[in-house]
Amino acid sequence: MTPEQIYSDAMTSAKNAEREFMEQHGEPMYCGFAWVRIDKARQPFVTWLKKNNIGDKPYVGRGWHIWNPAGNYTQSMDIKMTGARAFAKVLRDNGIEAYADCRAD
């Protein structure tokens, strides 16, 4: 798969996961942030992300981060983390080492 296809599949998975979570649980009011962390930033997928202005270099540490990968405007950390996990899983399924991270607001 091309990087564009992988990204598209990851976005779709993240959005679907967040929608399903909201349908089942509503919007938990625990505010926070979630992102996908890719530790190895020197690979074709991250190069594609950089060329398309997706994500950024973390302030601390290494690699590449994609904040709020599904683009959901909720403040719920639970919902955002669900999307980040789904996004990261698609990347891992395509051989890209990726993790979902979060922090409370």
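Structure's up top.
What this report covers is the structure whose coordinates are included nearby. (Residues numbered from 1 in each chain as written. Predicted model: local features only at pLDDT ≥ 70, side-chain atom pairs only at ≥ 80, totals over all residues. Heavy atoms only, no water.)

Let's talk about the pattern of salt bridges
It is possible for side chains of opposite charge to pair when their charged atoms get near one another. Applying the stated criterion to the full structure yields 6 salt bridges. We note a salt bridge from Asp 39 to Arg 37, for which the minimum N-O separation is 2.8 Å. Given the relative accessible area of 15%, Asp 39 is considered buried. Using a relative accessible area of 22% as the deciding quantity, one classes Arg 37 as partly exposed. Between Asp 101 and Arg 37 there is a salt bridge; the shortest N-O distance is 2.7 Å. One end of the pair, Asp 101, is in strand 3 (residues 99-104); the other, Arg 37, is in strand 1 (residues 32-38), with 64 residues separating them in the sequence. (Salt bridge = Lys/Arg side-chain N within 4 Å of Asp/Glu carboxyl O. Buried < 20%, exposed > 50% of the residue type's maximum accessible area, 1.4 Å probe, protein only. Helix = DSSP H or I, 4+ residues; strand = E, 2+ residues; numbered from the N terminus.)

Description of unusual backbone geometry
Despite not being glycine, Asn 53 shows a phi value in the positive range, around 55 degrees. Mapped onto the secondary structure, Asn 53 falls in the loop between helix 2 (44-51) and strand 2 (64-67). With phi around 45 degrees, Asn 68 is a residue other than glycine that occupies positive phi space. Following the sequence through the fold, Asn 68 ends up in the loop between strand 2 and helix 3 (77-93).

Quick look at the packing of aromatic side chains
Per the counting criterion, the structure on display carries 5 aromatic pairs. For the ring pair Phe 33 and Trp 67, a centre distance of 6.0 Å and an interplane angle of 75 degrees mean the geometry is edge-to-face. Note that Phe 33 is positioned in strand 1 and Trp 67 in strand 2, a separation of 34 residues in sequence. When its relative accessible area of 38% is taken as the criterion, Trp 67 is described as partly exposed. (Phe/Tyr/Trp six-rings, centres within 6.5 Å; stacked < 30°, edge-to-face > 60°.)

Let's talk about the sheet that holds strand 3
The strand order 2-1-3 describes an open sheet built from 3 strands, whose pairing is antiparallel. Both outer strands of the open sheet, strand 2 and strand 3, are each paired with one neighbouring strand and no more. Averaged over all adjacent pairs, the angle separating strand axes in this sheet is 30 degrees, with direction ignored. Relative to strand 2, strand 1 runs antiparallel, the two being bridged by 4 bridges. Within strand 2, the residue paired with Trp 35 across the bridge is Trp 67. (Pairing = 2+ DSSP bridges. Axes fitted to C-alpha atoms, helices over the stretch in contact; angles between N-to-C directions.)

Scope: geometric values only; no functional claims are made or implied.
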